[in-house]
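# Survey of secondary and tertiary structure
Here are the chains, one letter per residue:
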Amino acid sequence: MTPRPNKVLVIGSGPIVIGQAAEFDYAGTQACKALREEGIYTILVNSNPATIMTDADVADAVYIEPLVVDVIERIIARERPDGLLPTLGGQTGLNLAVELAEAGILDRYGTRLLGTPLSTLRQAEDRELFKNLLLSIGEPVPESAVAHTVEQAVIVARQIGYPVVIRPSFTLGGTGGGFGRTETELRATAGTGITLSPISQVLVERSLVGWKEVEYEVVRDGADNCVTVCNMENFDPMGVHTGDSIVVAPSQTLSDYEYQMLRSAAIKIIRALGVEGGCNIQFALDPASHQYFVIEVNPRVSRSSALASKATGYPIARVAAKIAVGLTLYEIPNAVTERTTAAFEPALDYVVVKIPRWPFDKFASGERTINTQMKSTGEVMAIDRSFEAALQKAVRSLEIGGRSLQWEDRSWAQAAAGSTALITGLIEEPNDLRLWAIAAASRRGMGTARIAKMSGIDEFFLSKIEDIVTMERELLSKPLTPALLYGAKRMGFSDEQIGTLSDKLPEQVRAQRADWNIRPTYKMVDTCAAEFAAVTPYFYSSYDTENEAEPLVGGGALVVGSGPIRIGQGIEFDYCSVHSALALREAQVNSIMVNSNPETVSTDFDLSSRLYFEPLDEESIRNILENESKTGSMDEAPPVILQFGGQTAINLAEPLYHSGARILGSGLRAIDLAEDRQLFEALLTKLGLSQPPGAAVRTVEEALPTADRIGYPVLVRPSYVLGGRAMEIVHSPADLVRYVTAATQLSLIHPVLIDKYLAGKEIEVDAVCDGERVLIPGVMAHVERAGVHSGDSMAVYPAMGLEPRDIQAVIDYTEKIGLGLGLQGIFNVQYVLFEGQLYVIEVNPRASRTVPFISKVTGVPLVTVATRVMLGESLADQGYPGGLWPTQNLVAVKAPVFSMAKLPRVDSYLGPEMKSTGEVMGIDRTYRPAMMKALIAASLMLPPQGALLFSVADADKTEAIPIIRAFAGLGYRLYATEGTAALIEALGVPVVMSTKKLDEGHPNVVDVINEGLVQGVVNTMVGPSARRDQFRDGFEIRRAATEKRIPCFTSLDTARVVAECLASGDGSYEVLPVTSYWSFDPRSVMSTPERS
Amino acid sequence: MIGNSSEAMALLSGADACLAFEDGRVFYGHAFGAWNPDQHPLDVNEGGDRHAFVQGEVVFNTSMAGYQEIATDPSYRGQMVVLTYPQIGNYGIQGEASESTCPWLTALIVRDLARAPNHWLMTEDLSHFLSEAGIPGIHGVDTRALTRHLRAHGTLRAVLGRLDGDQPTAEQVGRLVSLARAVPALSDQNLVADVSNPAGAYAPTERWVETVARYSSTRIAVIDCGIKHNIARSLTARGAETRFLSWTSGIDEVMATEAQGVIFSNGPGDPARMHQVAQLASQLLDREVPLLGICLGHQVLGLAAGGSTSRLGYGHHGGNHPVQDVTTGRVHITTQNHEFQVDRGSIPDSSGFGVSMVHLNDSSVEGLAHRSLPAFSVQFHPEGCPGPQDNQYIFERFLDMVDRPVSGWEALERSPASAAQADLSEPPHGLIQA
């Protein structure tokens, strides 16, 4: 047995991108905790500041640095860990570990890979090695072979047998792939695939489309003991990435024979791989025989293992970390029962349903088809005692505009009488609306056999959807009786759904339920199906007879989380929710967490006094509050904290307030003041603060004169926004008419806001107000000018290039706003500084996405401070001064990270609509290295030498000149589109090639990118209202850059800082634990609490 | 006010069946399966009473799949079984999944019964299957509440009765509760006699190929106390020849088979009633015949070794029980189904037996092995069904021990490394489909 390590380095997964989300924050945080319990000195590195794992107290040394070999090597050299745990940081962590090992760095410093041997990491990555290993232990893998010509493909297909699937090599998201069900079809598909593949190669593989997809989470220790934590079955059969599948745990349609057949295979595989820790194994199972194939093996913790952990209560990452340092399964206690060990397999007595959250509400133009390339940004999970109820709760948890399973697209009903073509089309080819289309088909009388034939989905699942539809029909046609209402609740219908179907208001349904005493009971997730008394404070609702969640003794406060990760509401809000819960505990107040997202730290049952895994809607929260009330009435219910769960939580303020709930901190009036345009404008006028001129309008007739009055360009957006959804800069009356017409179609309740667009410097602050003082931990300035969504901008702390009087104005404004609105707790203000004048753009009476960033760089635990304020402890009580907190002598840059490569047909152009999925931070003692690290971590840095393609809009040309000169001065070779080339040549700078427009032959702009001639692109445009051909060419340029995975700068401001970074100095930077960059200890600034 | 109580929910959902416990707790639900009292051989029909009912002890099983295997496990004779997994019947009933010739449990208690089960091997649905066998079921029950009740109070006696009319009357329920108090205890019944059926013990092995037929010259006699088919299959699949004998067989009958080894099978009820079988085990031990005891068979060996047995609070029933093999240190996830245990510390050293396996959750005895004679036993079910197939190695060890006489302890002691090796070189469970 190898010696136990004393010092272990854990590599995180970096920014949130599609395919790698908050699950690795959950895993890493758990692992660090597990290692430190063993007395191991733990070092953590991650570039993502929005994570809990990068909190200074999670590990003994926490580095927020770019995840690149050079940086990790310097950390290893500095810390000298004797172990490296590579299996907790997703594919990023695994790849880095392999690179470090192969570069000889681990050997050089005597750092041992823990958990999974290097050979296994390689085997799992290399398709051929992996195939051979599995075949050597008798486990079947789908037959496949590569082909370079159509004739070769035909020969391969004959050997394998039809149908086959064709996968072109090296095309994005499998572009150009498809089926060969017959030789004719194969010839066509293979032909296209070979043409599209940059290396003219396709993989011809046995098609398993329509087979059941089942995965197992297996854990193995160093003594070769194995357990399977969970199996999961995909509702969507093979052909859909498991991350994009609706997943059910445990499997529903597998007999014990099949369950055990695959379980035994999974254990055999983990043994053959020699994994010490967790492993995810995916199988395809023929729905009409016992034949199966191994599809994929992940020898690490994964999104699926996070889901399995939350679905079962078995903490896989924690156990994997303990195993990696030499513990056996039976030496690790089971935290749930506190009397058994980790050497067991959880027994579930409930059904878990996971549904992915796709970004198509934001990327309406994106391709909605779902296939083997994952496209969802996040997911929700719901638990209940039946599939129907878990499914319906999961749908509600998605938070897509209150969409329930009853939702139907208008066009479905509008289709010619009796035509179901639209619906069947959606059922046949997987897409984000398929679930609703299935319900719609069922509603139209289509039988499960037919739907199963079209979709490949098991009739068992379809029959459950049919049961839901049958219940809908009963609710529509019969008077609401206690039995009917109870039956509907048991199937997961919300009061709102029942109300819609039975012609009542949701509140009337609720009252009726109260009258008949039909209330949810709460059941515990205990890993053992009630076999042992458990101490997990982890609950889900179900309409059953026995309630296990008695109100917490001593009350508490309820923290509403932020739901699924989506663009505009990311992991930052989970960070905030987690810290609020921790602050409550620290203040001796029971924390009650509610959330629906299985990937997160907030849904770790260890974190709060009590966790409710529930949809974040009014009904669920009110039910929980009543359940936590000794009398069942709202008067005795614990108060609610809504400031940390993003827009999801704050939107609940109004309904919860009206239901009699107590809201901690800023009251409903203050929230309304901040979000209601007219009230807010009046208040700002009263306070003497400026705001860009503008107005709220409800019709096109109102919009046109308003825009004329304030002058174009104008910024238009719907009120009550989330992540700058559907915000646009409008340059002409025609575009204004188009926008307002579309927006008012969507919502007649909320007006459209029209503001003067001021292209100035954006400044942002997060602050805490206790009613007497306002604490501002720091001021951040955006690199990109106003007009780029703040979530997509780079933000720099401290704000550079501001005059002291500008800073003072920010402080004054922020204090006036906090006090003037009567805020209690946290808030965020965005300003634009235009021609020396500060304007207020937006006030958010809640935590914003910069809270973790600013907390980490300034050392002010903003959420903790705000939570304590909400509990009644003033800033003075806590020892915090008002005004601006002293500035740390460091520079930190937050840079956005995008997932465009995963989303075909989505435009990467930056604008007022947020598009990024994650963020990274670069921190150093001075600006340049900090900026450079941010750029490196965000994969936006250009190589020291190379070539760039410029395509700049006419309006931007003057401004582009110094940037062009800067790159030319660095020795960059320049390619450009026609107009831009003329500009460059006029500057006396040579242009390598003036490219043709797309419809003018070759070589055109896209060829230049595709052929790898350039390492970056600078492309600006004047917005979606640009000339059609300009817009199209620009779009193709940006997509080509995305698919080539080279940086594409659509804001000249970003391009400028890149040039600056390349031009300055020797490119050196520090690598230090984040707190070592601080120039002072935050505690040294705090006074002794003023309270005696 | 209608209320969240069990009774209230019964009314809400139109319950037509109820499970009444000896301690007065009542659970309501909907009837499925067979309710004709004439159909079930053991039904006690209270003359003139319009309510059919069945009686027995109630136990819970935490397996998430395998309801058919559970229903047909003869060890459940005399018991009503609560399945803790809430969705039951999803994939119907499948030809070869039964563990004996018919379902044996007294009644099945579930939360949700699938309306439209689906599977390519399905021959009928669960309700129909139970109906045919004259066995009633109840669904719509808050099975978690019921399980928690059993956990808190231990295994309890109950009657499952049919309600008629709109509302259960207090009188009706009270009568059922008093009936529950009169249900005979397991220990007072000779359940093995009901289920022992050597003629029907053999199971077809079409689904299983003979993976390693290296034991083809081995003949094994199996004392059938209520054997599960997969025990028979696990032997046959390895090439062993089997002879099934009644639990009443004497030493001469066993020796007449000229078997090289003997297995004492699983079965229902209290091992304390099994003195005759324990005596047979002693005689075989004296003759140094290689022995394997499984479940009840393990308890029988414990008695033969001079130990005592007793009841567990609420038994072990499920497919996730961790057992540590003390001879190798390895932990195995096992299928279990037992109410009784061999008392820890009751095995005299002088017997030569030692405790070879321990349950990691409650430290109960999970296996015995003899230090010099070729005999060992396991409390769990190495054949799984339902549950993990990881423990098929037990059959390998036994057949090896028969082939090449070593002590039970030595047979188990093969190092973990070699065991792992074996698991890789051979299919780990011998259940690879043809």
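Right, let's talk about helix H12 (residues 387–397) of chain A for a bit. Residues and elements named next belong to chain A. Most of H12 sits inside the fold, with eleven of its eleven residues counted as buried. Along H12, the residues that are buried comprise Phe387, Glu388, Ala389, Ala390, Leu391, Gln392, Lys393, Ala394, Val395, Arg396 and Ser397. After H12 finishes, the residue glutamate 399 shows a positive phi value of roughly 55°.

Residue and element names in this part refer to chain A. Residues Ala557 and Val559 of strand E19 (residues 557–560) are buried on one face, and the alternating residues Leu558 and Val560, pointing to the opposite face, are buried as well. The pairing of E19 with strand E20 (residues 591–595) spans four bridges and is classified as parallel. Its bridge partner being in E20, valine 559 is matched across the sheet by methionine 593. Traced from E19 through helix H21 (residues 571–586) to E20, the parallel crossover comes out right-handed. When E19 meets strand E22 (residues 640–641), the two strands line up parallel, connected through two bridges. Among the inter-strand pairings, valine 559 is bridged to a residue of E22, identified as isoleucine 641.

All names here are of chain B. Per-residue confidence for chain B gives a mean pLDDT of 87, with 85% of residues at or over 70. Scored below 50 in pLDDT, residues 39–49 shows twelve contacts in the model against residues more than four places distant or in partner chains. Predicted complex, confidence summary: ipTM 0.94, pTM 0.94.

Looking now at unusual backbone geometry. Residue A:Pro250 is bonded to the preceding A:Ala249 through a cis peptide linkage, with omega at -10°. Checked against the element boundaries, A:Pro250 lands in the loop between strand E12 (247–249) and helix H9 (256–273). Here B:Cys385 and B:Pro386 are connected by a cis peptide whose omega angle stands at 0°. Its location among the elements puts B:Pro386 in the loop between strand E20 (375–378) and helix H11 (393–403). For A:Glu399, which is not glycine, the phi dihedral falls at a positive 55°. By the secondary structure assignment, A:Glu399 is in the loop between H12 and helix H13 (410–414).

Attention shifts here to the environment of A:Val353. Residue and element names in this part refer to chain A. Relative to the elements of secondary structure, valine 353 occurs in strand E15 (residues 351–357). A residue is classified by how many C-beta atoms lie within 10 Å of it, and valine 353, with 26 of them, is buried. For the pair formed by valine 353 and aspartate 384, sequence separation is 31 residues and the distance between their alpha carbons is 8.7 Å. The contact partners of valine 353, leaving out residues within four places of it in the chain, are Ile246, Val248, Ala382, Phe387, Ala390, Leu391 and Ala394.

With that settled, the discussion passes to the sheet that holds strand E15 (residues 291–294) of chain B. Residues and elements named next belong to chain B. Strand order across the open sheet formed by nine strands is E13-E12-E14-E15-E20-E19-E18-E16-E17, with mixed pairing between neighbours. Taken across any chain shown, the strands that pair with only one partner, and hence form the sheet edges, are strand E13 (241–246) and strand E17 (331–342). Shown here is a sheet whose adjacent strand axes are inclined to one another by a mean of 25°, direction ignored. The sheet contact formed by strand E16 (residues 309–325) and strand E18 (residues 353–359) spans three bridges and is antiparallel. Along E18, the bridge assignment pairs valine 323 with histidine 359.

Okay, the sheet that holds E20(A) next. Residues and elements named next belong to chain A. Sheet architecture is open: six strands sit in the order E17-E18-E21-E20-E19-E22, paired in mixed fashion. Strands with a single pairing partner mark the edges of an open sheet, and in this sheet they are strand E17 (521–524) and E22. Relative to the sheet, H21 contacts E19, E20 and E22, its axis offset from that of E20 by approximately 165°. On top of the sheet, helix H22 (residues 618–627) reaches E17, strand E18 (538–542), E19, E20 and strand E21 (610–613); it is set at about 165° to E19, its chief contact.

In this section: the packing of helix H3 (residues 90–102) of chain A against helix H5 (residues 118–125) of chain A. Residue and element names in this part refer to chain A. Contact pair H3 / H5: the axes reach a minimum separation of 10 Å and the direction vectors enclose 125°. In terms of axis orientation, H3 runs oblique to H5. Note on packing geometry: the crossing formed by H3 with H5 is left-handed. Residues Leu94, Ala97, Val98 and Ala101 of H3 lie in contact with H5, whose contacting residues are Leu118, Leu121 and Arg122. Looking at side-chain class alone, the contact of H3 with H5 contains six nonpolar, no polar and one charged residues.

With that settled, consider the domain arrangement of chain B. All names here are of chain B. In terms of domains, chain B is made up of domain 1 (6–182) and domain 2 (192–425). On the domain 2 side, the residues contacting the 25 residues of domain 1 number 27 residues. Contributions of two or more residues to the side of domain 1 that touches domain 2 are made by strand E3 (53–61), helix H2 (67–71) and helix H4 (143–153). Among the residues making up the side of domain 1 that touches domain 2, the classes are represented as eight nonpolar, eleven polar and six charged.

Conventions we followed
- Residues numbered from 1 in each chain as written.
- Chains lettered and ligands numbered in written order.
- Predicted model: local features only at pLDDT ≥ 70, side-chain atom pairs only at ≥ 80, totals over all residues.
- Buried ≥ 20, exposed ≤ 12 C-beta atoms within 10 Å, placed from the backbone.
- Helix = DSSP H or I, 4+ residues; strand = E, 2+ residues; numbered from the N terminus.
- Pairing = 2+ DSSP bridges.
- Right-handed = clockwise from strand over helix to strand, strands pointing away.
- pLDDT = per-residue confidence, 0-100.
- Contact = placed C-beta atoms within 7 Å.
- Axes fitted to C-alpha atoms, helices over the stretch in contact; angles between N-to-C directions.
- Parallel < 35°, antiparallel > 145°, perpendicular 65-115°, else oblique.
- Left-handed = near helix turned anticlockwise from the far one by under 90°.
- Nonpolar A, V, L, I, M, F, W, Y, C, P; charged D, E, K, R; others polar.
- Domains from an automatic or database assignment.

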